[in-house]
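# Examination of the molecular architecture
Chain by chain, the residues:
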Amino acid sequence: MPLYEHVFISRQDLSNTQAEGLIEHFGTVLSDNGGKIVESEYWGVKTMAYKINKNRKGHYAFLKTDAPAAAVQEMERLMRLHDDVMRVLTIKVDEHAEGPSIQMQKREERGDRRERRS
């Protein structure tokens with residue numbers, strides 16, 4: 001099955017448990033349609049570059065999935081209809097990266113960044 005990565009932003013006034021509950025909810029949607037979540041990460045509340053639906057901050061979540069296209073389309077449809085989800089981004093990847101995502105790594109571990117110009 002194809003591999004996908006999803007990032008979604010939910011409203012800032014949700015609690016952490018409610019935001020993590022959204023990950024579980026959309027995971028069950030995928031499993032009901034023949035897919036599975038390989039890995040999920042909750043990135044926490046982050047400040048956005050611009051307001052979305054009058055919100056300055058949002059709960060960010062990251063999902064790595066292995067699912068057929070129909071399951072992904074259904075999950076995206078339900079995410080867009082859900083009142084608590086503000087934005088969704090889905091990309092198709094050839095393979096999932098090992099270990100935690102860049103957002104979850106500490107600054108010292110990232111290593112491959114360019115030096116700042118003076």
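So, a few notes on the structure that sits alongside this text. (Residues numbered from 1 in each chain as written. Predicted model: local features only at pLDDT ≥ 70, side-chain atom pairs only at ≥ 80, totals over all residues. Heavy atoms only, no water.)

## A look at the overall build of the chain
- Helix and strand counts for the chain stand at 3 helices and 4 strands.
- Ordered by position in the sequence, the α and β elements of the chain form the string β-α-β-β-α-β-α.
- Evaluated residue by residue, the chain yields a buried proportion of 39% over its 118 residues.
- Sequence-distant contacts in the chain: of pairs separated by 6 or more residues, those separated by 24 or more amount to 73%. (Helix = DSSP H or I, 4+ residues; strand = E, 2+ residues; numbered from the N terminus. Buried < 20%, exposed > 50% of the residue type's maximum accessible area, 1.4 Å probe, protein only. Contact = heavy atoms within 4.5 Å.)

## As for the packing of aromatic side chains
- Considering all chains together, one arrives at 2 aromatic pairs under this definition.
- Considering the side-chain rings of Trp43 and Phe62, the 5.4 Å spacing of their centres and the 15 degrees angle between planes classify their relative orientation as stacked. Of this pair, Trp43 sits in strand E2 (residues 36–52) while Phe62 sits in strand E3 (residues 55–66), and the two are 19 residues apart along the sequence.
- Exposure remark for Phe62: the relative accessible area of 7% places this residue in the buried category. (Phe/Tyr/Trp six-rings, centres within 6.5 Å; stacked < 30°, edge-to-face > 60°.)

## Observations concerning unusual backbone geometry
- Within the chain, Asn53 stands out as a residue other than glycine whose phi angle is a positive 50 degrees.
- Checked against the element boundaries, Asn53 lands in the loop between E2 and E3.
- Positive phi outside glycine occurs at Lys54, with the angle close to 65 degrees.

## Here's the deal with the packing of helix H1 (residues 16–32) against helix H2 (residues 69–81)
- Relative orientation of the contacting elements H1 and H2 amounts to 145 degrees, with a least axis distance of 8 Å. For the element pair H1 and H2, the recorded crossing hand is right-handed. Within the contact between the two elements, H1 uses Phe26, Val29 and Leu30 and H2 uses Ala71, Val72, Glu74, Met75, Leu78 and Met79.
- Here the contact of H1 with H2 is built from residues that sort into 8 nonpolar, no polar and 1 charged. (Axes fitted to C-alpha atoms, helices over the stretch in contact; angles between N-to-C directions. Left-handed = near helix turned anticlockwise from the far one by under 90°. Nonpolar A, V, L, I, M, F, W, Y, C, P; charged D, E, K, R; others polar.)

## Notes on H2
- Spanning 13 residues, H2 covers 18 Å between terminal C-alpha atoms, matching the ideal 18 Å at 1.5 Å per step.
- Every buried residue of H2 is listed here: Ala71, Val72, Met75, Glu76 and Met79. Down the axis of H2, the smallest arc covering the buried residues is 130 degrees, so these residues share one side. Exposed side chains of H2 directed beyond 90 degrees from the buried face belong to Ala70, Gln73, Arg80 and Leu81.
- Residues of H2 that are buried in the fold lie against strand E1 (3–11), H1, E3 and strand E4 (85–93). (Expected span 1.5 Å × (residues − 1). Arc of directions from axis to C-beta.)

## Structural notes on the pairing of E2
- Bridge analysis of E2 against E3 gives 11 bridges, and the strand direction is antiparallel. Its bridge partner being in E3, Thr47 is matched across the sheet by Lys57.
- In this antiparallel pair of consecutive strands, E2 and E3, the connection spans 2 residues, and Asn53 shows a positive phi of 50 degrees. (Pairing = 2+ DSSP bridges.)

## Quick notes on the sheet that holds E2
- The strand order E2-E3-E1-E4 describes an open sheet built from 4 strands, whose pairing is antiparallel. Two strands close off the open sheet at either side, each with one partner strand: E2 and E4. Each strand of the sheet is rotated relative to its neighbour by a mean of 20 degrees, with strand direction disregarded.
- Relative to E3, E1 is paired through 9 bridges, and the arrangement is antiparallel. Bridge pairing in E3 links Leu3 to Asp66.
- Each of E1, E2, E3 and E4 touches H1; the most contacted strand, E2, lies at about 130 degrees to it.
- With respect to the sheet, H2 is in contact with E1, E3 and E4, its orientation differing from that of E4 by roughly 165 degrees.

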